[in-house]
Amino acid sequence: MIKVAKFGGSSVADAGQFKKVKDIVRSDPDRRFVVVSAAGKRFSDDNKITDLLLLVNAHINYHVDCTSLLADIEERFVELARELGIKYPIAQKFEEFSSVIKSLSPEYIVSRGEWFTARLMAEYLGLPFLDAADAIVFHHDGTIDTERTATQVKDAVQRLGSFVLPGFYGATVDGTIKLFQRGGGDITGAILARCLDADVYENWTDVSGFLSADPRIVDNPRTIHRITFDEMRELSYMGASVLQEEAIFPVREVGIPIQIKNTNRPDKRGTIIRETAEEGAQEHLITGIAGKKDFLAVHVQKAHMSNAVGVIRRALGIFERYGVSVEHIPTGVDSFGVVVNGADVKDTIYSIINDMQQELKPDSINLVDKLALISVVGRNMSRRPGTSGRVFGVLGEAGINIRMITQSSQEISIIVGVNNEDFERAINVIYEKFVSDEMVDMVRGEVQ
Ligand code: ASP
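Draft legend 1. Region of interest: the site of the ligand. The environment of the ligand is made up of Ser37, Thr50, Glu114, Phe168, Arg182, Gly183, Gly184 and Gly185. Arginine 182 places a polar side-chain atom, nitrogen or oxygen, 2.6 Å from an oxygen atom of the ligand. Glycine 184 places a polar main-chain atom, nitrogen or oxygen, 3.5 Å from an oxygen atom of the ligand. Its free accessible area being 260 Å², the ligand has 91% of it covered by the protein chains.

Now the structure itself:
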């Protein structure tokens, strides 16, 4: 079995965290490939090494002396090595780097956060170090050269057996360092997992997995233990903060699951993300609830529209002309609505309505603003009748007016529109309804 274990910045922030990583890696012989981010924050108003290196670049750019900033960065690495008893000559290596800093590219400078962190981690774990510049190959346009990367990774496995790889950067064939977007260590981990045909891509972070609702809205929401990629996409689209899309595609395409785990609580189950989840009665009905405020709906009514051809196309064409992305199109027999993000039409909505009047000649156009959309997501909903009824019922009982309803075509989500001011309460009543009902089932042993 092959596991790629990627540790985020907070998991490698100080010596104590390094020790946890060692325990985690040592506790499972399948964890032979480790990817690390640059050391992150040790406490809430601390700085991430990556941010400090970006600041170094800014200093260089504006010809401001950055000696003391570099000394601070060096001290963090030196302290790490000292506390962990690592022999690697980190101070000397760092000084070699800082002495030529002005001749280095901004990408190269920023990538050193990962480089030094991984170098120390490799020493500490007693594993070989693999420079990402020798493994992750970029095209000049910044995209990944998948074939070359796969070859380099396989060669490295042959040569080294196992290794620690810095995340977040790679290089073109001529050796120019290139970076992924911020947080891109997750992408490195996913690419590595794919090249190795790993059984699982473990993403170690500082939370015990994805939560089924926003903890700022719902008190102590339950952790999602199993989720499908599609469900995650629905939830993240509606604002739940989850892994970046770019970090998902490389593994999703080849069916490698992602396991989210907490470095500080390795005993917790975390969340496993897969293409499909086993079916069965012993599953939660609702995987998660997410939502966003400030949408706007334009409702168009036109008698006998159902017999006319092209009305919706023309309406959508108008939004397209203004460069506005359309979120939902709930339809009736002689009416339809177009739901968009309020911010996207802030300056153009009246021009859009004017164009609609001219081009569609509708009987009426109605604008509903301050609309919040809530997505109730669950792969198991489609197999259990009555779910939407329960969602609408509970909102009705709470006196919350539903302004819009749609369902995704795969039936993994039900989306309801409510007034902005009902947003938090609506999420809470839906959450309570489903979770507390399940509590009853759980007592009966029907839900895991
Ligand atoms: N160190 C980089 C950042 O802070 C990449 C990462 O952490 O994954 O964005």
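Draft legend 2. Structural context of the sheet that holds strand β9 (residues 271–274). Here seven strands make up an open sheet; going across it, the order is β3-β2-β1-β6-β8-β9-β7 and the pairing mixed. Each edge of the open sheet is held by one strand with a lone partner, namely β3 (163–166) and β7 (226–228). With direction set aside, neighbouring strand axes in the sheet form an average angle of 20°. Pairing analysis gives five bridges linking strand β1 (residues 3–7) to strand β2 (residues 31–36), with the strands arranged parallel. Each bridged residue has a counterpart across the sheet, and for phenylalanine 7 the counterpart in β2 is valine 36. Together, β7, β8 (258–262) and β9 form the strand contacts of helix α8 (residues 229–237), whose direction differs from that of β7 by roughly 85°.

Draft legend 3. Expanded view of the packing of helix α1 (residues 15–26) against helix α5 (residues 106–125). In contact at an axis separation of 11 Å, α1 and α5 are set at 55° when each is read in the N-to-C sense. Viewed along their axes, α1 and α5 adopt a mutual orientation that is oblique. Handedness of the α1/α5 crossing: right-handed. For the pair formed by α1 and α5, the contact residues are Phe18, Lys19, Val21, Lys22, Val25 and Arg26 on the first element and Thr117, Leu120, Met121, Tyr124 and Leu125 on the second. Taken together, the residues that form the contact of α1 with α5 break down as seven nonpolar, one polar and three charged.

Draft legend 4. Molecular detail of the sheet that holds strand β15 (residues 413–419). Taken in spatial order, the six strands of this open sheet run β11-β12-β10-β13-β15-β14, and their pairing is antiparallel. Each having just a single partner strand, β11 (326–328) and β14 (402–407) make up the two edges of the open sheet. Between one strand and the next, the sheet's axes are offset by a mean angle of 40°, whatever the strand orientation. Across five bridges, the pairing between β14 and β15 is antiparallel. Residue pairing across strands places isoleucine 405 opposite valine 416, the latter belonging to β15. The sheet contacts of helix α10 (residues 311–321) involve β10 (288–301), β11 and β12 (335–341), and relative to β12 the element is tilted by about 20°. On top of the sheet, helix α11 (residues 349–360) reaches β10, β12 and β13 (364–377); it is set at about 115° to β13, its chief contact.

Conventions we followed
- Residues numbered from 1 in each chain as written.
- Predicted model: local features only at pLDDT ≥ 70, side-chain atom pairs only at ≥ 80, totals over all residues.
- Heavy atoms only, no water.
- Near = heavy atom within 4 Å.
- Polar contact = N/O pair within 3.5 Å; in protein donor to acceptor, adjacent residues only side chain to side chain.
- Areas by Shrake-Rupley, 256 points an atom, 1.4 Å probe, with all protein chains shown as cover.
- Pairing = 2+ DSSP bridges.
- Helix = DSSP H or I, 4+ residues; strand = E, 2+ residues; numbered from the N terminus.
- Axes fitted to C-alpha atoms, helices over the stretch in contact; angles between N-to-C directions.
- Contact = heavy atoms within 4.5 Å.
- Parallel < 35°, antiparallel > 145°, perpendicular 65-115°, else oblique.
- Left-handed = near helix turned anticlockwise from the far one by under 90°.
- Nonpolar A, V, L, I, M, F, W, Y, C, P; charged D, E, K, R; others polar.

Function-wise, these values are silent; they only describe arrangement.
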